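Residue-level structure breakdown
Listed below, chain by chain, are the residues.
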Amino acid sequence: MKPLKLRNRILIFFLPVLVLPLAVGGYLSDHAAEEELLIQARRQLNSVASGAALLTETAAHRLDQDVNFVASTPEMENFLAYREFDMPREARVTLEGLGSFMAEFARTAGDYVQVRYIDRSGRELVRVWEGRLEKPGGIVNRKLWDRVRLGAGGDSKQGRAPVRILGVRRLPGSGRVVFTAAKLVHGAFRRRDRPGDYLVWGVVVLDMDWNKLLNFFQHLPSAEVVILDQDARLTAAPDRDKLLTRSPAQLKLARSLIRTPKQAPSQPFAWDGRSFLGEARGLTLAPGLDWTVMVRADMTVIMRPAHQVRLVIVGVTLACLLLAAGGIFLVSGVITRPIGALARAAHRVARGELDTRVEIPRTREAAMLARSFNSMSEDLSRYIEELRRTTAEKERLASEMAIAAQLQKSVLPRRAPHAPGWDIAGAALPARETGGDFYDFIPLPNGRLGLVLADVSGKGLPAALFMLSCRAYLRTLALSGLGPVEVMAGANRQVAADSGDSGMFVTAFYAELDLQSGRLRYVNAGHNPPLALRGGAEGEMEELTRTGLPLGVLEDSEYGAREITLHAGDMLTMYTDGVTEAPDSQDREWGLERLRQEVRRGCRLCAVELLKRVRGLVQEWSGDLPQFDDMTLVAVYRLQDAPDGVDGNA
Amino acid sequence: MKRTLRKIGPSACCWALAGVLALVPAGRAQAAPAVRPRLVITDTAPVQSLDPLNQVDQVSRRVCEQIFEHLVEMSDTGEIKPHLATDWKQSAPGVWRLTLRRGVRFHDGEPMDARAVVFSLKRLQKSRQRDILPLESVRALGPYRVEIKSRVPDLPRRLTYTGYILPPRKAARGLAALRPVGTGPYRFVSRNFGGVRLALNDDYWNRGPGFRVRDLLINYSGDQQQRRRWLIQGRTQVLFNINPHLKASLLRAGVRVRLYSRPSNREYFLVINPSPTRPGVRRLLADPEFRRALNLAVDVRRIIRVVLLGNGIPLDGVLNKQVLGYVPQAPIPFQPEIARRLIRRLAPRGVELIMAVPRGRYPRAKWVAGATARYLENAGLKVTVRTVDWAKYLRKASSKQTADWDLYYLGWGNPLLEAGYTLNPEFVSSPLCRVGLADLVGLLRRAFYLGPPERYRLYRKIQVRLRAAYPWIFLYQGVDNYAVSRDLALTPRPNGTFRVFYDLAAGPED
């Protein structure tokens, strides 16, 4: 699969990062806005419902007050009294005054379509229509009259008749919708034949213009007011055509919306295929006149701000996304273009076009990168050139080192000297191509054998060179017939002179072994003490300790010589520190004690086997670690007391 | 020229000095009182008689009050003030000595002195007003001192209402009714069907402030609308006895007049008359319980409110609240059910009552009586209202020829504003009381001649007894209504008297 471009990766990463918060934020804010709108709408609908109820109550209260007012005027009382007192002239004059008063009242009040006084026979005596006193219209509607008469006469025994609010009705003829109330007015005298009835009585009927209230309701913003009377007739509705029609379903719905503050808030409901939120109030305008005021608002109207906000959010989100995408594209281009150029340049460099350079872009980081690349490219070019040279040099040095190693190897004894009764073996394993350890068997006159084991400080080629010169000095001095002390002293002076300021020195063990007698006279110039095992594995192990400073430390060092005798079964093991100090993976030295044990165990082996065994154990101890130091071992095993004569050098 | 000047110089200087000296006091003297050229007062009825000792109606009396004067006057606050008598004191029980004002002359120039007073009071004793001011003797102690003996303890109060001082010469000739002559601020000029014309008495003794009119006409009109029209048109400036409806009309119309109302000293009631000619009704009307039922049946307050348009105060006894000696009692309640029960119990078969009411005398009397009759009918009675002309009515009532009236309407004024005026010794035998309370005669007589406080203690007892006896259907105390044009101001007096000179004034600026 082909990997995506960095620019695409940036786009793919950043666009969701931008889109997701916007989407989540938009959703949350939209949800919160809807909730808030519902709360606000409920609050407003509550207020409007209270206001509508209050207005309706006020209208009813005013109607009640006005009916009482008209019914309790002195003109009315006088008129009734004059009728009772049989004063027709005064009654007629007062009736005219009553008519004038009613007309004046209707004009002043302004809200009354019709004000009437109807006498007990149902005949209009005063009729005021829209503030004008008009000719009375004769006998009134019987149905209305019965309602008024029967209702208003109910409590007449108490001396004051109650106002009977008849509710909202449509006036026949004019079609005007009015809010009607009536009050019975009567004189003081009851009829003899019917004590429950009054001699003189009539009814004041006021028809308030209901349209004014309806108009007010209709102009309420975003809210529809529906008022239903106790018979489920619509006394107020948004649709005027439905006025005074029965709607029990709406009444049931409206009553279900009447709730106390402790109840859960109202929820949207469906009506006429639309969704509404509503609040309702119950009204008792008069006994038996229980109205319900419902105020509702279309949910689409309520939620319109939320929808608008939603659209704005979506639009803003999209715009932001486009802008962000464009911005990301541009910015990523700024980032990726130099990278692409760098990649192409790197590709050319990889193909070997080391003189490839990139153009320095204007951005600081990219410029730094380009400069680094150019610098790296130059360095690389230079390095490869250098490497080429170094490799050539190294190859040359390696070949030289190989030669040196070969040379060093060639100076070591190819094989141990063969002496009857003696098993002598030696082995050297340098840590690098060349090493600083060496051993030597120097055949000396008189059946003696010179044993040399030395360890030049340091490793590698310098140590090898120093070893060669040191070997040469020792061999030369030994062959010159000097004793061990003189040999070592002479070699010390030479080595000290050679080392100069290099600080190099050599630990060395030199011994003259009388192959016949087994006497071993030695000088230990700071070297690890060789181990002399006497009498086999269970025998005593003697360490041939130092008798002087390492060679080259002090020019005029003095050396002492010691002497031991090796008998049959005795074995002398010489070693360098590369054996005992070989570290394992935990940097623990192999140790002298192990060497001692192995010497005891290997005392029955031939010298070569012993050396192989020790070397194998040391290598096993170090595991995969590179060899730490040059390892050199020399084993001298006296098999039996030797006969006379010693075989020459190997 | 020089000689001439020398000749006339001293005399000219003297004249000039005299002129200056004459002008100085003239400048400092009080300005001459303003005299209005003309004033028209319109009453409700024509004057019956200008004889001050023979008056039966208020209209005639109002004219006489401009011409004649009393020895003492009652102020607008009810105080007794000196008038023709400057001082009076009781020298012994029942003996009063009065000092008369000097410099008072009758319109014909005759001086007003002790002789005139003695003549007037003695003449009073021969008139119908003797009951108001019963005197034992009157005599002159000097030209301006008079001694009056009378058993009444409140003689000065009674002199405020009666006892006009007449010129002995003219009156003796019997010309008082034709051409009355008094000491008042206005003198009689002429009388015709239109009214009485008076003129300012330039020699009136009171030079102080007063309402002076050169030409004063007191006419009448029984038509309330015409009275209203005249007032609005400026054809009259003062209206008496304003009908409640006229008052309401003037109030409604906002006509530029001033209206004055004051509780009247007159109270209106229906006298319950147990007529001997109708034994069944007599038995009922003689029963105090039945009379109580009649009172309980009538809603007087509503009648006042409706028929009188509020111009009345319900009565709670035989006296009204203005009267000295009045005892407040519990208002008579309107209890139609109780009344109906009582009437049903006392007259199970029902009864018809005849109610008489005068025509054209008392305000809205017919309607008040009619409304009362409807209330009585509402309580279960049958009532027939008969309207009778005032003259005939008065005659019949005065002479107690009321056998065919079970109830008759009366308005009784108390111009003295004192209990004794109404509750005089003749009360129980007068047309005011027909229910036979003979046991009260002694009390009334005793009280009449007693001085306070025993007098009013007795009157208290009498009032309580009378209220319990229900001799009347108690109706209301009237309210006197006056209307004057906007440029006038009126101070009505509690006793109902009206003196143009003293009670009218130029109206305050609006």
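Since we're looking at a predicted model, the values are computed, not measured.

**Quick word on the sheet that holds strand β5 (residues 95–100) of chain B**
Pairing between the strands of a sheet is mediated by backbone hydrogen bonds and can be parallel or antiparallel. Residues and elements named next belong to chain B. If you walk across this open sheet you meet the 4 strands as β4-β5-β7-β6, and the pairing is antiparallel. Edge positions in the sheet fall to β4 (85–92) and β6 (137–142), since each of these pairs with one other strand and no more. Taken over all neighbouring pairs, the strand axes of this sheet differ in orientation by 25° on average, direction set aside. In this sheet, β5 lies alongside β4 in antiparallel orientation, the contact comprising 6 bridges. The residue bridging Gln 90 from the neighbouring strand is Trp 96, located in β5. Its contacts with the sheet put helix α3 (residues 114–125) on β5, β6 and β7 (145–149), and the angle it makes with β6 is roughly 180°.

**Observations regarding helix α2 (residues 58–67) of chain B**
Helical geometry: 3.6 residues make up each α-helical turn, so side chains three or four residues apart lie on a common side. Residues and elements named next belong to chain B. Burial analysis of α2 places 9 of its 10 residues in the buried class, the great majority of the element. Residues of α2 that are buried include every one of Val 59, Ser 60, Arg 61, Arg 62, Val 63, Cys 64, Glu 65, Gln 66 and Ile 67, and no others. Looking at the buried residues of α2, the elements they touch are β1 (35–43), β8 (186–192), β9 (195–200), β10 (212–220) and α17 (500–503).

**Considering a nonpolar patch on the surface**
Residues and elements named next belong to chain A. Taken together, the side chains of Leu 6, Phe 329, Leu 330, Val 331, Val 334, Ile 335, Ile 339 and Leu 369 present a nonpolar region at the surface, about 680 Å² in accessible area. The element contributing the most residues to the nonpolar patch is helix α7 (residues 299–350), with 6 residues. Structurally, Ile 335 is set in helix α7.

**Let's talk about empty space enclosed by the protein**
Residues and elements named next belong to chain A. Here the structure, examined in full by the defined rule, presents 5 cavities of 30 Å³ or more. Of the pockets and cavities examined, the largest cavity occupies roughly 60 Å³. In terms of lining, the largest cavity is formed by Ala 427, Leu 429, Val 579, Leu 611, Arg 615, Met 631, Thr 632 and Leu 633. Elements that contribute at least two residues to the lining of the largest cavity include exactly β12 (422–429), α13 (607–622) and β21 (631–638).

**Considerations on the packing of helix α2 (residues 74–84) of chain A against helix α3 (residues 88–109) of chain A**
Residue and element names in this part refer to chain A. Relative orientation of the contacting elements α2 and α3 amounts to 155°, with a least axis distance of 9 Å. One finds that α2 runs roughly antiparallel with respect to α3. The handedness of the crossing between α2 and α3 comes out as left-handed. Contacts between α2 and α3 involve Glu 75, Met 76, Asn 78, Phe 79, Tyr 82 and Arg 83 on the former and, on the latter, Glu 90, Ala 91, Thr 94, Leu 95, Gly 97, Leu 98 and Met 102. Class assignment for the residues of the contact of α2 with α3 results in 7 nonpolar, 3 polar and 3 charged.

**Observations regarding the interface of chain A and chain B**
How large an interface is tends to be reported as the accessible area lost when its parts come together. Taken together, the contacts link 17 residues of chain A with 17 residues of chain B. Across the chain A to chain B interface the summed buried area is about 1400 Å²; carbon plus sulfur atoms make up 51%. Counting every contact that joins chain A to chain B gives 3 salt bridges. The residue Glu84(A) makes a salt bridge to Arg302(B) at a minimum N-O spacing of 2.6 Å. Inspection of the chain A/chain B interface yields 8 residue pairs in polar contact (both at pLDDT 80 or more). For the side of chain A that touches chain B, the element with the highest residue contribution is α2(A), accounting for 7 residues.

**Some points on the nonpolar core**
In this structure, Met102(A), Phe179(A) and Tyr409(B) are the most contacted members of the largest nonpolar core, which totals 211 residues. When residues in this core are grouped by element, the largest group, 13 residues, is from helix α1 (residues 6–71) of chain A.

**Quick notes on the side chain of Arg116(A)**
Checked against the element boundaries, Arg116(A) lands in strand β1 (residues 112–119). Within polar-contact distance, the side chain of Arg116(A) engages the side chain of Glu124(A) at 2.9 Å.

**Concerning helix α8 (residues 364–411) of chain A**
Taken as a whole, α8(A) has its buried residues at Ala366(A), Ala367(A), Ala370(A), Phe373(A), Asn374(A), Ser377(A), Met401(A), Ala404(A), Ala405(A), Gln408(A) and Val411(A). Its buried side turned inward, α8(A) meets α7, β13 (437–444) and α9 (460–479) of chain A.

Parameters and conventions
- Residues numbered from 1 in each chain as written.
- Chains lettered and ligands numbered in written order.
- Predicted model: local features only at pLDDT ≥ 70, side-chain atom pairs only at ≥ 80, totals over all residues.
- Heavy atoms only, no water.
- Pairing = 2+ DSSP bridges.
- Helix = DSSP H or I, 4+ residues; strand = E, 2+ residues; numbered from the N terminus.
- Axes fitted to C-alpha atoms, helices over the stretch in contact; angles between N-to-C directions.
- Contact = heavy atoms within 4.5 Å.
- Buried < 20%, exposed > 50% of the residue type's maximum accessible area, 1.4 Å probe, protein only.
- Patch = residues over 30% accessible without salt bridge, like charges linked within 9 Å, V, L, I, M, F, W, Y side chains within 5 Å.
- Areas by Shrake-Rupley, 256 points an atom, 1.4 Å probe, with all protein chains shown as cover.
- Salt bridge = Lys/Arg side-chain N within 4 Å of Asp/Glu carboxyl O.
- 1 Å grid on protein atoms, 1.4 Å probe; cavity = no way out; pocket = protein on both sides within 12 Å on 5 of 7 lines; lining within 4 Å.
- Points joined across faces, edges and corners; volume = space filled by probe spheres on them.
- Parallel < 35°, antiparallel > 145°, perpendicular 65-115°, else oblique.
- Left-handed = near helix turned anticlockwise from the far one by under 90°.
- Nonpolar A, V, L, I, M, F, W, Y, C, P; charged D, E, K, R; others polar.
- Buried area = accessible area lost by both parts, 1.4 Å probe.
- Polar contact = N/O pair within 3.5 Å; in protein donor to acceptor, adjacent residues only side chain to side chain.
- Core = buried A, V, L, I, M, F, W, Y, C linked by side-chain atoms within 4.5 Å.

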